[in-house]
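Summary of structural features
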Amino acid sequence: MPFTLESKTALVTGAGRGIGRAIAQKLAEYGASVMVNDLDAAPAAETASTLPKAASLAGDVTDPAFPAALVKGALERFGSLDIIVNNAGYTWDNVIQKTTDEQFQAMLNIHLAAPFRILRAASDWIRDAAKRETAEGRRVMRKVVNITSIAGTDGGAGQAGYSSGKAGVIGLTKTLSKEWGRYNVNVNAVGFGLIETRLIQPMNPERDTSIDVQGRKIKIGVQPKMLEWAKTACPLGRTGTPEEAASAVLFFASPLSDYVTGEVLICGGGLHF
Ligand SMILES: NC(=O)c1ccc[n+]([C@@H]2O[C@H](COP(=O)([O-])OP(=O)(O)OC[C@H]3O[C@@H](n4cnc5c(N)ncnc54)[C@H](O)[C@@H]3O)[C@@H](O)[C@H]2O)c1
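Attention here is on the structure that accompanies the text.

Rules and cut-offs
The residue numbering used here restarts from 1 in each chain and proceeds along that chain's sequence as written. Per-residue local features of the predicted model are confined to residues with pLDDT of at least 70, and side-chain atom pairs are confined, for both listing and counting, to 80 or more; whole-chain, interface and lining totals are unaffected and use all residues. As a convention, hydrogens and water are excluded, and side-chain values are obtained from all of the structure's heavy atoms. Elements are defined by DSSP. Helices are runs of H or I of four residues or more, strands are runs of E of two residues or more, and each kind is numbered from the N terminus. Every radius of gyration here is taken over C-alpha atoms, with the globule rule written as 2.2 Å times N^0.38, N being the number of residues. To sort residues, take the accessible area from a 1.4 Å probe on protein chains only and compare it with the maximum for the residue type: under 20% means buried, over 50% means exposed, and anything in between is partly exposed. Between two residues, a contact is recorded if the distance between any of their heavy atoms is within 4.5 Å. Using a 1.4 Å probe, accessible areas were evaluated by the Shrake-Rupley method; residue-level cover was limited to the displayed protein chains. Just so you know, the count uses Lys and Arg for positive and Asp and Glu for negative, and it drops His and the chain ends. To locate a charge, take atom NZ for lysine, CZ for arginine, CG for aspartate or CD for glutamate. Two N or O atoms form a polar contact when they lie within 3.5 Å of each other; inside protein one atom must be a possible hydrogen donor and the other a possible acceptor, and for residues adjacent in sequence the pair counts only when both atoms belong to side chains. A strand pair is defined by DSSP finding two or more bridges across the two strands. Between N-to-C directions, angles span 0 to 180 degrees; the directions come from axes that are lines fitted to C-alpha atoms, helices contributing only their stretch in contact. What a helix is expected to span follows from its residue count: subtract one and scale by 1.5 Å. By definition, a salt bridge exists where a carboxyl oxygen of Asp or Glu is found within 4 Å of a side-chain nitrogen of Lys or Arg. For this description, a residue counts as near a given molecule or strand if any of its non-hydrogen atoms is within 4 Å of it. Under the convention adopted here, Pro, Cys and the residues Ala, Val, Leu, Ile, Met, Phe, Trp and Tyr are nonpolar, Asp, Glu, Lys and Arg are charged, and Gly plus all remaining residues are polar. We call Phe, Tyr and Trp rings a pair once their centres come within 6.5 Å, taking the six-membered ring for Trp, and we label the pair stacked below 30 degrees between planes, edge-to-face above 60, and tilted otherwise.

Here we look at the overall build of the protein
When helices and strands are tallied, the protein shows 8 helices and 9 strands. On C-alpha atoms alone, the protein measures out to a radius of gyration of 18 Å, which is about the 19 Å that the 2.2 N^0.38 rule sets for 273 residues. With respect to the three principal axes, the spread of C-alpha positions in the protein is 60 × 40 × 35 Å. Residues counted as buried form 53% of the 273 residues belonging to the protein. Of the contacts made within the protein by residues no fewer than 6 positions apart, 66% connect residues no fewer than 24 positions apart. Carbon and sulfur atoms make up 53% of the accessible area of the protein, which totals about 12400 Å². Within the protein, the 27 negative side-chain charges are centred at a point lying 3 Å from the centre of the 29 positive side-chain charges.

Written as structure tokens, this is what we have:
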């Protein structure tokens, strides 16, 4: 192994399933302790149970009070916070004329406001730790990886809210890279193309593909025609796996990226909308 994350603590939101779970597993494979968060308690606990040094804290990252509790929970459990992956998210798509205010705002809340609140909640501890380490003559790099999408960088038809949230988090990423460089924090984003999770399952009129978010049923999935188009348009000719997605995140969570900050890495097999 060219590096280890042995002494590091990671916080991964939305890690009960899909890409977040693969990220938690990948960071753990390299030795990190992981605080697993998800809206759904059972999948969060299940992810944590598969990892050697992990705990789970279920909760809704869009609840304005929860991000501070999540950061506090990670610090109380592990005593430090070195890698933050803002991954929790979902799609709530429609063409603009059918997009409600609530729907648009929900996409900004989960993809932009939640990462903002989590990073703001972590800022006191991160700044204090960096000041202490600098006074001791040590440089300890910490990592923020915000998850975005080619819908954010390219725009996705039928995704005014999702694309806006995913574009917004790039602004947050670039801004924090400037504010936190002095505290030795690399702040980057990884944007995915089509990765095989429940979010891109083929829509089927005979099968309910809705997910439950805060008691509301939200239709997710992708039209089969769109999936076929994406496979043809993608230079690598296929969708990606959660493990492949997690590998891109690992780069930004590892010392391999110690001199990279404020950047967006697209992990999408070359696909662009
Ligand atoms: N799958 C793709 O093709 C794709 C493409 C681009 C970007 N993304 C992004 O990757 C991230 C992970 O998505 P995925 O494909 O693994 O989806 P997923 O549905 O498999 O996993 C997302 C997890 O986030 C959790 N979550 C949702 N809302 C939450 C909340 N308010 N608080 C805490 N947890 C919450 C869900 O319960 C779920 O377990 C998302 O930000 C998504 O927008 C995915």
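That shown, we press on.
Description of the side chain of S257
Within the element layout of this structure, S257 appears in the loop between α8 (242-253) and β9 (264-267). In this structure the side chain of S257 is engaged in a polar contact, spanning 3.3 Å, whose partner is the backbone oxygen of F252. Reaching out from S257, the side chain makes a polar contact with the backbone oxygen of S254 at a distance of 3.0 Å. Ignoring any residue separated from it by four or fewer positions in sequence, one finds S257 in contact with K143, N186, F251 and F252.

Observations regarding the sheet that holds strand β1 (residues 9-12)
The parallel open sheet is built from 7 strands, whose spatial order is β3-β2-β1-β4-β5-β6-β9. Of all the strands in the sheet, just β3 (54-58) and β9 have a single pairing partner and so form its edges. Neighbour to neighbour, the strand axes of the sheet diverge by 20° on average, direction disregarded. Strands β2 (33-38) and β3 of the sheet are contacted by helix α2 (residues 41-49), whose axis makes an angle of about 170° with β3.

Topic: the environment of R120
Mapped onto the elements of the fold, R120 is located in helix α4 (residues 101-135). Sequence separation between R120 and E243 is 123 residues; the distance between their C-alpha atoms is 29 Å.

Thoughts on helix α1 (residues 18-29)
Counted at 1.5 Å a residue, the expected span for α1 with its 12 residues is 16 Å, and the 17 Å between its end C-alpha atoms agrees. Those residues of α1 that sit buried are I19, G20, A22, I23, A24, K26, L27 and A28. Following α1 by one or two positions, G31 adopts a phi angle in the positive range, close to 105°.

Points about helix α6 (residues 160-180)
The terminal C-alpha atoms of α6 lie 30 Å apart, and with 21 residues this matches the ideal 30 Å at 1.5 Å per residue to within 8%. Residues of α6 that are buried: G161, Y162, S163, G165, K166, V169, I170, L172, T173, L176, S177 and W180. Where the residues of α6 are buried, they touch α4, β5 (142-149), α5 (150-154), β6 (185-192) and β9.

A word on the side chain of T9
Counting through the fold element by element, T9 comes out in strand β1. Leave out the neighbours within four places in its chain, and T9 touches S33, F78, S80, L81, D82 and I83.

Concerning the pattern of salt bridges
For the coordinates displayed, the defined rule picks out 13 salt bridges. The partner of E136 in a salt bridge is R138, and the shortest N-O contact between them spans 2.9 Å. A salt bridge links K143 to D258, with the shortest nitrogen-to-oxygen separation between them at 2.7 Å. Placement of the pair is K143 in strand β5 and D258 in the loop between α8 and β9, with a sequence separation of 115 residues. The exposure class of K143 is buried, given its relative accessible area of 4%. Overlapping salt bridges bring together R17, D38 and D40 as one network.

Considerations on the site of the ligand
Taken together, 31 residues sit near the ligand, with D38, N87, Y162, T197 and R198 positioned nearest. One of the backbone nitrogen or oxygen atoms of L39 is found 3.1 Å away from a nitrogen atom of the ligand. If the ligand stood free it would expose 820 Å²; the protein chains cover 98% of that surface. When residues of the shell around the ligand are traced back to their parent elements, those giving at least two are α1, β2, α4, β5 and α6. When the residues that make up the shell around the ligand are grouped by side-chain class, the tally is 13 nonpolar, 12 polar and 6 charged.

Concerning the packing of aromatic side chains
Scanning the model with the defined rule gives 3 aromatic pairs in all. Geometrically, the ring pair formed by F3 and Y30 is stacked, given 4.9 Å between the ring centres and 20° between the ring planes. One end of the pair, F3, is in the segment before β1; the other, Y30, is in the loop between α1 and β2, with 27 residues separating them in the sequence. Classification of F3 as buried rests on a relative accessible area of 10%. Classification of Y30 as buried rests on a relative accessible area of 17%.

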